[in-house]
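Listed here are the chains, written in short residue letters.
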Amino acid sequence: MKIITLTKDNLEKEHICCAISNNKDCQVASKKQWLSKRFADGLVFKKCDVRGKCFIEYIPAEKAWSPIEADGYMYINCLWVSGQFKGQGNAGLLLDECIRDSKEKGKKGLVALSSKKKLPFLSDPKFLRYKGFVLADTAEPSYELLYLPFEGNAPKPGFKDHVKTPKISEQGFVLYYTNQCPFTAKYVPLIEKEAKQKGVEFKSIHIETAEQAQNAPAPFTTYSLFYKGEFLTNEILSEKKFEKILFLLNK
């Protein structure tokens, strides 16, 4: 399988796998703009030469949009292989390419955000452990930081202390999000509109820099929803799913 690496030179003509549409689509535009600004930080986006979700995205941990301590490591933002491309070794192919590239760049190993059980938008813990990743640290409610050291004496990465128990002081709904995932460009405005129509207290906080992300209150900075100060979910919600949450909270 041929692997394509996105660059500033080919970004406009190549699709980004998880949102396949024209460049005027809000999801595609926001993600490509986010990517273009991260290339200078060492971000790498590699995809199989297919039309679908079959890619890996990673960045030096010092520049990661995640509240972790992992100097010298490479942080995997996303590894996603779905649909007809699953079960063909493509995930292993992409991960092996990431390992090769990271070793060439002198990295100590790889680190990825996962969970005790597979959750939406997080790396599959079963697959990562099968490939040799081990537990580095945990954070509530079920987050796991998994890592693959390239040498036996590589230091263990970890979460920043303040996210091990995700809480905020603000009440009502508070959403922290970035444009690292294209779906936030579409669904965040829909949820904001839904909350306003229903008279629900709702505040969204758009994280726009790595520094802001590294000091965010939850491990998954792409999308973290709080309610009454407590972490609620990292799933990017549709209007129907948000309505279901409102119904359950008001029972």
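Note: the structure precedes this text.
Per chain, the residues get numbers from 1 upward, laid out in the order the sequence is written. Given that this is a predicted model, residues contribute local features only at a pLDDT of at least 70 and side-chain atom pairs are listed and counted only at 80 or more, while totals for whole chains, interfaces and linings are drawn from all residues. With hydrogens and water stripped out, all remaining heavy atoms of the structure feed into the side-chain values.

J.: Help me understand the pairing of strand 10 (residues 173-177), please; the structure alone is not making it clear to me.
T.: Consecutive residues of a regular strand have side chains that alternate between opposite faces of the sheet. Among the five residues in strand 10, five count as buried, and that is most of the element. The two faces of strand 10 match: Phe173, Leu175 and Tyr177 on one face and Val174 and Tyr176 on the other face are all buried. Considered for its hand, the β-α-β crossover made up of strand 10, helix 4 (residues 183-197) and strand 11 (residues 202-206) is right-handed. Any two strands between which DSSP finds at least two bridges are classified as paired. A helix here means a DSSP run of H or I that spans at least four residues, while a strand means a run of E at least two residues long, and both kinds are numbered starting from the N terminus. Two elements, strand 10 and strand 12 (residues 223-227), share five bridges in a ladder whose sense is antiparallel. Along strand 12, the bridge assignment pairs Tyr177 with Tyr223. Burial classification: accessible surface area is computed with a 1.4 Å probe over protein chains only, and a residue below 20% of its type maximum counts as buried, one above 50% as exposed, and the rest as partly exposed. The handedness of a crossover follows from its direction of travel: if, with the strands pointing away from the viewer, the path from the first strand over the helix to the second runs clockwise, the crossover is right-handed.

J.: Which parts of the structure should I look at to understand the packing of aromatic side chains?
T.: Aromatic rings in a pair are described by how distant their centres are and how their planes are angled relative to each other. The pairing test for Phe, Tyr and Trp rings, Trp by its six-membered ring, is centres within 6.5 Å, and the orientation test on the planes gives stacked under 30 degrees, edge-to-face over 60, and tilted for anything in between. Within this structure, the stated rule accounts for 13 aromatic pairs. Measuring from centroid to centroid gives 5.3 Å for Phe173 and Phe242, while their planes differ by 65°, and the two rings are edge-to-face. Taken together, the residues Phe173 in strand 10 and Phe242 in helix 6 (residues 239-249) connect sequence positions 69 residues apart. The two residues Phe173 and Phe242 agree in class, both being buried. A cation over a ring is seen here: Lys53 above Trp80, with NZ or CZ 5.4 Å from the ring centre. Charge-over-ring placement is defined geometrically: NZ (Lys) or CZ (Arg) within 6 Å of the ring centre, and within 35 degrees of the ring normal.

J.: How should I be thinking about the environment of Leu175 in this particular structure?
T.: Position of Leu175 relative to the elements: it lies in strand 10. With a relative accessible area of 0%, Leu175 lands in the buried category. Along the primary structure Leu175 and Ala40 are separated by 135 residues, whereas in three dimensions their C-alpha atoms are 28 Å apart. By definition in these notes, contact holds between two residues if any of their heavy atoms fall within 4.5 Å. Setting aside residues no more than four positions away along its own chain, Leu175 makes contact with Val188, Phe202, Lys203, Ser204, Ile205, Tyr223, Ser224 and Leu225.

J.: Explain the packing of helix 4 against helix 6 here, please?
T.: The packing of two helices is summarised by the inter-axis angle and the distance between the axes. Helix axes are fitted to C-alpha atoms over the stretch in contact, other axes to C-alpha atoms as well, and angles between N-to-C directions run from 0 to 180 degrees. Packing of helix 4 against helix 6 brings their axes to within 9 Å, and their N-to-C directions diverge by 40°. Between helix 4 and helix 6, the crossing angle belongs to the class labelled oblique. The way helix 4 lies across helix 6 gives a crossing that is right-handed. When helix 4 is examined against helix 6, the residues Leu190, Ile191, Glu194 and Ala195 are found in contact with a partner set consisting of Glu239, Phe242 and Glu243. Three classes are used: nonpolar for Ala, Val, Leu, Ile, Met, Phe, Trp, Tyr, Cys and Pro, charged for Asp, Glu, Lys and Arg, and polar for all others, with Gly counted as polar. Residues of the contact of helix 4 with helix 6, tallied by class, amount to four nonpolar, no polar and three charged. Each angle gets one of four labels, with under 35 degrees taken as roughly parallel, over 145 as roughly antiparallel, 65 to 115 as roughly perpendicular, and the rest as oblique. Crossing handedness follows the turn of the near helix against the far one: under a right angle anticlockwise gives a left-handed crossing, and clockwise gives a right-handed one.

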